[in-house]
Number of protein chains: 2
Amino acid sequence: MSGWLKIVGLGPGAASMITPEVSAALLEASDVVGYVPYVNRVAPREGLIRHGSDNREEINRAEQALQLAFEGHRVAVVSSGDPGVFAMASAVFEALEAGDSRWRSIDIQVLPGISAMLAASARAGAPLGHDFCCINLSDNLKPWSLIEKRLRLSAEADFAMAFYNPRSKARPVGFERTLKVLREVCEPERLIIFARAVSTPDEAIGVTTLAKATPEMADMRTLVIVGSSQTRRIERMKSPGADEDQAPLVYTPRSVC
Amino acid sequence: MSGWLKIVGLGPGAASMITPEVSAALLEASDVVGYVPYVNRVAPREGLIRHGSDNREEINRAEQALQLAFEGHRVAVVSSGDPGVFAMASAVFEALEAGDSRWRSIDIQVLPGISAMLAASARAGAPLGHDFCCINLSDNLKPWSLIEKRLRLSAEADFAMAFYNPRSKARPVGFERTLKVLREVCEPERLIIFARAVSTPDEAIGVTTLAKATPEMADMRTLVIVGSSQTRRIERMKSPGADEDQAPLVYTPRSVC
């Protein structure tokens, strides 16, 4: 049997958000390759070898996956969320382009997943319902000056903004800088959503304003969405039989005032 | 039994890309509400009423769904792709905010779907693997001047760009204008992907450059992705046993040169 490589998205956490095509690929795979916590989301079974590796090992992991597929294995490379958004697909293609030219014959597919951005937006309402941008706030692979430039241009374009990797122990100051830049160019009432670990037992959704946001509201499991100038908040009442009011909804209208 | 409203994403077309939580919601619903072709994607069954409506009827449709849910129906509002990206979620929240205040007690959830943008990106490789933006090119609900401003700022930010609604019979000139603006600010070799009807029998993926792109390459079923200045193309060889070389892969590296 000839090998293949499928780069698949596991979605944000809940099994109910994994697409059937991804589940099928995981059942057909002989090898699963990825960052340890994501590999651990794939149940062990006979005939499946799980290759977990450390964070920041993306290129080594990609080369390993390509070589296994080239040798005839059926390899699933797993990412959280969508594999094409700040995840393993680009790393695999970097390794493919730089690596053994025979790898270019491998049957490679990318199977999309529910991205953290879409899951966070759905939980909050529809903050990405109009034009938006998506920025990785980590300066591991690009200079901070470029991030700041993109923040300023995005605010000028009046995009809603989704931020990946806002803050980690190794990068404690980037998100603080981000808030500082946004405060220079956006109004204090601008809505901000902190969506942590969506669809997992640790899920927490917070809605606040730019004036009230603090760096500590984000960590490495948080997806941050900043609304555009048009983004609105709807207060809600309790649903029948409930004790408390439902959480507010945040959405961006389809029209521009 | 008390009613609810779930605003769900059916993904780009294939049943294998519908999440289990969306499938479950469709099985529990008493009413499905949406644009006719999307409602038709939900199989008829006893106990399910399907309410199909015309395009550009979004607010009437949203009000109908809210009223049904308020009266105790279990209502699924269906969108193609993800309901939060240029789809029904924002329309429902516009109707909620402007409508009967008692609607604010309705149990409302948004269930994300695989967006056209993520599906198109996956088919082409990983063009959205670095910072990107997403713009609706329709000027039905915003002035063309704002679209052009966003295009210029996005090019200056060097975002990859995903375009929804590039062209329709009613809007034949917008995408031609878009290409003209991009040619003023991007190099001729800039990669462009035309992803039509992804995951349906009509799927067609085209990869070209800004210099060679023509307005006719897009229609109302096309999602267009324009790479950043960093986006690259990898030629591939045929896979074992195949007659033709595999389609090229297009991806944006994680690092900035």
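The name recorded for chain A in an unreviewed UniProt entry is Precorrin-3B C(17)-methyltransferase, from Halomonas casei. Check the Pathway (unreviewed entry) section of the UniProt entry for chain A; it says "Cofactor biosynthesis; adenosylcobalamin biosynthesis."

1. Regarding the relation of the copies chain A and chain B
In screw terms, the move from chain A to chain B is a rotation of 180° and a rise of 0.0 Å along the axis, fitting with an RMSD of 0.0 Å. Both chain copies can therefore be described as sitting about a two-fold axis. Residue A:Cys133 of chain A places its C-alpha closer to the rotation axis than any other residue of that unit, at 1.9 Å. By residue overlap, the copies meet face to face through one surface: 100% of the interface positions of chain A are interface positions in chain B.

2. Structural notes on the packing of helix α6 (residues 144–157) of chain B against helix α7 (residues 174–185) of chain B
All names here are of chain B. Interaxial distance between α6 and α7 falls to 10 Å at its minimum, and their mutual angle equals 35°. Our pair here, α6 against α7, has a crossing hand that is right-handed. Along its contact with α6, which presents Trp144, Glu148, Leu151, Arg152 and Ala155, the element α7 presents Gly174, Arg177, Thr178, Val181, Glu184 and Val185. Residues of the contact of α6 with α7, tallied by class, amount to 5 nonpolar, 2 polar and 4 charged.

3. Some words on the sheet that holds strand β1 (residues 4–9) of chain B
Residue and element names in this part refer to chain B. If you walk across this open sheet you meet the 5 strands as β3-β2-β4-β1-β5, and the pairing is parallel. Of all the strands in the sheet, the pair left with one neighbour each is β3 (49–53) and β5 (108–111). If you compare each strand with its neighbour and ignore which way they point, the axes differ by 20° on average. Strand contacts of helix α3 (residues 58–70): β1, β2 (31–35), β3, β4 (74–79) and β5, with the helix running at about 170° to β2, the strand carrying the most contacts.

4. Some thoughts on the sheet that holds strand β5 (residues 108–111) of chain A
Picture the strands of a sheet paired through backbone hydrogen bonds; they go either parallel or antiparallel. Residues and elements named next belong to chain A. The 5 strands are arranged β3-β2-β4-β1-β5 in an open sheet whose pairing can be described as parallel. Each edge of the sheet is formed by a strand with only one pairing partner; in this case those strands are β3 (49–53) and β5. Direction aside, the axes of adjacent strands within the sheet are offset by 20° on average. Bridging between strand β1 (residues 4–9) and strand β4 (residues 74–79) involves 6 bridges; their strand directions are parallel. Bridge pairing in β4 places leucine 5 opposite valine 75.

What counts and what doesn't
- Residues numbered from 1 in each chain as written.
- Chains lettered and ligands numbered in written order.
- Predicted model: local features only at pLDDT ≥ 70, side-chain atom pairs only at ≥ 80, totals over all residues.
- Heavy atoms only, no water.
- UniProt positions renumbered as here; feature names shortened; annotations may be inferred.
- Least-squares fit on C-alpha atoms with pLDDT ≥ 70 in both.
- Contact = heavy atoms within 4.5 Å.
- Axes fitted to C-alpha atoms, helices over the stretch in contact; angles between N-to-C directions.
- Helix = DSSP H or I, 4+ residues; strand = E, 2+ residues; numbered from the N terminus.
- Left-handed = near helix turned anticlockwise from the far one by under 90°.
- Nonpolar A, V, L, I, M, F, W, Y, C, P; charged D, E, K, R; others polar.
- Pairing = 2+ DSSP bridges.

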